[in-house]
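# Architecture and fold: a report
Okay, here's what each chain looks like letter by letter:
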Amino acid sequence: GSLPAYHPRAMPPSARAVVERFLRDGYDRSARLWRMDVIAECFDVDRYVSHTWGGGLAETGRRMAEFWSAFEREPEALADALVADGDRVVHLVSWRGTHVGPVLGVEATGRTVEIHHVEMWRVEDGRIVEHWGGMGEAAHLFAQISPSSG
C-alpha cells in the first residue's frame, strides 16, 4: 500500500518569537499608542491575565498606560535581554527617561530617572496568556508601605 498524503500542520511561533514581536512592534513610541493589530496577533485576548496589573488585557493596557504616561523615555533601551525556556520568556530592560507626570503619588519632578525591570510571560499556542513582574511591582510595594495602607 501507499502512504497517506502528508499535510503538515502549521506550527505556532516560538514563545520567544511571540514576545519579541510584541516588544518590537506592539507599541508605537512616537505616537504613544498601542498597535492593536500586533496586540491581537500576540495575545490570547480571552485568556490573558496579568498577575502584576491585576486583570485581563484591557485593564492591563489601561493601568500600564497610566503608569508609563508619567515618563518621557529615551528611544533606546540602555540594556535589553530576552531569555526563553519552554513556554516562558523573561525580559530584562533598563531605560532612562524624564519624570513628567504623577506616579505612585509623586508629582512630576522633571528629574532624569533610570529604571531596571524584569518581567515574564507565558505563551501557549502562539499567544501570550500570562504575565508577571515589570514596573507594576513597584506600585504593589508602594501600596504596602505607604502611610495610608496602615
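Structure shown above.
What you see is a predicted model; the values in this text were computed from it and never measured. (Residues numbered from 1 in each chain as written. Predicted model: local features only at pLDDT ≥ 70, side-chain atom pairs only at ≥ 80, totals over all residues. Heavy atoms only, no water.)

Given a rise of 1.5 Å per residue, 12 residues ought to cover 16 Å, and the 16 Å separating the end C-alpha atoms of helix α3 (residues 57–68) matches this to within 8%. Those residues of α3 that sit buried are Leu57, Thr60, Met64, Phe67 and Trp68. An end-on view of α3 places all buried positions within 95° of arc, on one side of the element. Across α3 from its buried face, at more than 90 degrees, point the exposed residues Ala58 and Glu66. (Helix = DSSP H or I, 4+ residues; strand = E, 2+ residues; numbered from the N terminus. Expected span 1.5 Å × (residues − 1). Buried < 20%, exposed > 50% of the residue type's maximum accessible area, 1.4 Å probe, protein only. Arc of directions from axis to C-beta.)

Grouped together as the largest cluster of nonpolar side chains are 15 residues, with contacts concentrated most on Val19, Phe22, Cys42, Phe43, Val123 and Ile128. Among the secondary structure elements, those contributing two or more residues to this core are α1 (15–25), α2 (36–42) and β7 (112–124). In terms of residue count, the dominant contributor to this core is α1 (four residues). Setting aside residues no more than four positions away along its own chain, Val19 makes contact with Leu82, Val89, Trp121, Val123 and Ile128. If you look at the next biggest cluster of nonpolar residues, it comprises 10 residues, including Met64, Ala70, Phe71 and Trp95. (Core = buried A, V, L, I, M, F, W, Y, C linked by side-chain atoms within 4.5 Å. Contact = heavy atoms within 4.5 Å.)

On to the pattern of salt bridges, then. Under the counting rule described, the total for this entry stands at 14 salt bridges. Arg122 serves as the salt-bridge partner of Glu124, at 2.7 Å between the closest nitrogen and oxygen. In this structure, a network of salt bridges that share partners links the residues Asp44, Arg47, Asp87, Arg88, Arg122, Glu124 and Glu130. (Salt bridge = Lys/Arg side-chain N within 4 Å of Asp/Glu carboxyl O.)

Ala15, Val18, Val19, Phe22 and Asp25 are the residues of α1 that are buried. Projected down its long axis, α1 shows its buried positions confined to an angular sector of 160°, all on one face.

Following the sequence through the fold, Trp132 ends up in strand β8 (residues 127–133). Distance in space between the C-alpha atoms of Trp132 and Trp121 is 6.5 Å, their sequence separation being 11 residues. Excluding anything up to four places from it in sequence, Trp132 contacts His51, Thr52, Arg88, Glu119, Met120, Trp121 and Arg122.

Further remarks concern the side chain of His131. Mapped onto the elements of the fold, His131 is located in strand β8. At a separation of 3.0 Å, a polar atom in the side chain of His131 contacts the side chain of Ser50. Within the structure, the side chain of His131 is placed 2.8 Å from the side chain of Glu119, a separation counted as a polar contact. Those residues within four positions of His131 in sequence are excluded, and the remaining contacts are Tyr48, Val49, Ser50, His51, Thr52, Trp53, Glu119, Met120 and Trp121. (Polar contact = N/O pair within 3.5 Å; in protein donor to acceptor, adjacent residues only side chain to side chain.)

A separate point is the pairing of strand β6 (residues 88–99). As paired strands, strand β4 (residues 71–73) and β6 are joined by three bridges and run antiparallel to one another. Of the residues in β6, the one forming a bridge with Glu72 is Thr98. Strand direction decides the pairing type here: strand β5 (residues 79–85) and β6, joined by seven bridges, are antiparallel. Residue pairing in the sheet places Leu82 in a bridge with His91 of β6. Here β5 folds back onto β6, and the loop between the two strands holds two residues, one of which, Gly86, carries a positive phi near 65°. Where β6 meets β7, 11 bridges bridge the pair, whose relative direction is antiparallel. By the bridge assignment for β7, Arg96 is matched with Glu114. (Pairing = 2+ DSSP bridges.)

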